[in-house]
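# Results of the structural survey
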Amino acid sequence: MPSVHDNIILGYEVDLEYERIRMRTRSYHSDLSEDTDILFSDVLAHSFDTPLQGSIIFDIDEVGLDCFISYNRDLLEKGKGQGWPIMYETDEELETKLIEGEYLYLVITSSYGLSGWVLAKKVEMITKMRNEQDEE
């Protein structure tokens, strides 16, 4: 998976109907600037905090699903009665359903601005080189 360390987030689109998130990013580290789209598919839930213009990604890490429950205890308590992120009775049942569904807990950390997480079955990165015409 290509690195998006220090990429600037240009924007993101949440497609609830098709359970996808596309995050458009740009790198200025190489001699030829790169644009990288981060595509999350089969998204169950997400949470993004502090989306600011010029947000800079520090990293995107896959973290264990057991951490999803402990790190998001308040959100889970608030959403449980509304069926968020899914219907479940106990933390163990939620963790089992997420494991059986083959979900990934992807944590986005930032150097500046947007941070958060995505629960999805797949993440892929599509990188393309930008030429000088694209920058005008």
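Located above this text is the structure these notes cover.
Here we summarise the structure given alongside this text.

## Examining the nonpolar core
- Ranked by internal contacts, the top residues of the largest apolar core, which has 18 residues, are Met23, Ile38, Phe40, Ile60, Ile108 and Val118.
- If we skip the residues at most four places from it in the chain, valine 118 touches Ile21, Phe40, Val43, Ala45, His46, Phe48, Leu104, Tyr105, Leu106 and Ile108.
- Grouped together as the second largest cluster of nonpolar side chains are 14 residues, Leu65, Phe68, Tyr103 and Leu119 included.

## Brief notes about the environment of glycine 64
- Locating glycine 64 in the fold gives a position in the loop between strand 5 (56–63) and helix 1 (65–71).
- A relative accessible area of 35% places glycine 64 in the partly exposed class.
- For the pair formed by glycine 64 and glycine 101, sequence separation is 37 residues and the distance between their alpha carbons is 14 Å.

## Notes on the pattern of salt bridges
- Overall, the coordinates contain 6 salt bridges when judged by the stated rule.
- We note a salt bridge from arginine 73 to aspartate 91, for which the minimum N-O separation is 2.7 Å. In this pair, arginine 73 is assigned in helix 2 (residues 73–80) and aspartate 91 in helix 3 (residues 91–100), connecting sequence segments 18 residues apart.
- Overall, arginine 73 belongs to the partly exposed group, its relative accessible area being 31%.
- Since its relative accessible area comes to 25%, aspartate 91 is described here as partly exposed.
- For glutamate 124, the salt bridge goes to lysine 122, with nearest N and O atoms at 3.9 Å.
- With a relative accessible area of 33%, glutamate 124 lands in the partly exposed category.
- Residue lysine 122 is classed as partly exposed on the basis of its relative accessible area of 43%.

## A word on the environment of leucine 39
- Looking at the secondary structure, you find leucine 39 in strand 3 (residues 34–41).
- Taking the C-alpha atoms as reference points, leucine 39 and isoleucine 126, separated by 87 residues in sequence, lie 7.8 Å from one another.

## Some points on the side chain of aspartate 35
- You can see aspartate 35 is positioned in strand 3.
- Residue classification places aspartate 35 among the buried residues on the basis of a relative accessible area of 13%.
- Separated by 2.7 Å, the side chains of aspartate 35 and arginine 26 make a polar contact.
- In this structure aspartate 35 touches Thr25, Arg26, Ile126, Thr127, Lys128 and Arg130, once residues within four positions along its chain are discounted.

## Overview of the packing of aromatic side chains
- Following the criterion strictly, the structure yields 5 aromatic pairs and no others.
- Here the aromatic rings of tyrosine 12 and phenylalanine 48 are separated by 4.9 Å at their centres, their planes lie at 80°, and the arrangement is edge-to-face. Of the two residues, tyrosine 12 sits in strand 1 (residues 8–15) while phenylalanine 48 sits in strand 4 (residues 45–49), which places them 36 residues apart along the sequence.
- Judged by its relative accessible area of 14%, phenylalanine 48 falls in the buried class.
- Considering the side-chain rings of tryptophan 84 and tryptophan 117, the 6.2 Å spacing of their centres and the 55° angle between planes classify their relative orientation as tilted. Taken together, the residues span a long stretch of sequence, with tryptophan 84 in the loop between helix 2 and helix 3 and tryptophan 117 in strand 7 (residues 115–120) at a distance of 33 residues.
- Assessed through its relative accessible area of 24%, tryptophan 84 is described here as partly exposed.
- Following the ring pairs from residue to residue traces out a cluster consisting of Phe68, Trp84, Tyr105 and Trp117.

Quick notes on the rules
Residues numbered from 1 in each chain as written. Predicted model: local features only at pLDDT ≥ 70, side-chain atom pairs only at ≥ 80, totals over all residues. Heavy atoms only, no water. Core = buried A, V, L, I, M, F, W, Y, C linked by side-chain atoms within 4.5 Å. Buried < 20%, exposed > 50% of the residue type's maximum accessible area, 1.4 Å probe, protein only. Contact = heavy atoms within 4.5 Å. Helix = DSSP H or I, 4+ residues; strand = E, 2+ residues; numbered from the N terminus. Salt bridge = Lys/Arg side-chain N within 4 Å of Asp/Glu carboxyl O. Polar contact = N/O pair within 3.5 Å; in protein donor to acceptor, adjacent residues only side chain to side chain. Phe/Tyr/Trp six-rings, centres within 6.5 Å; stacked < 30°, edge-to-face > 60°.

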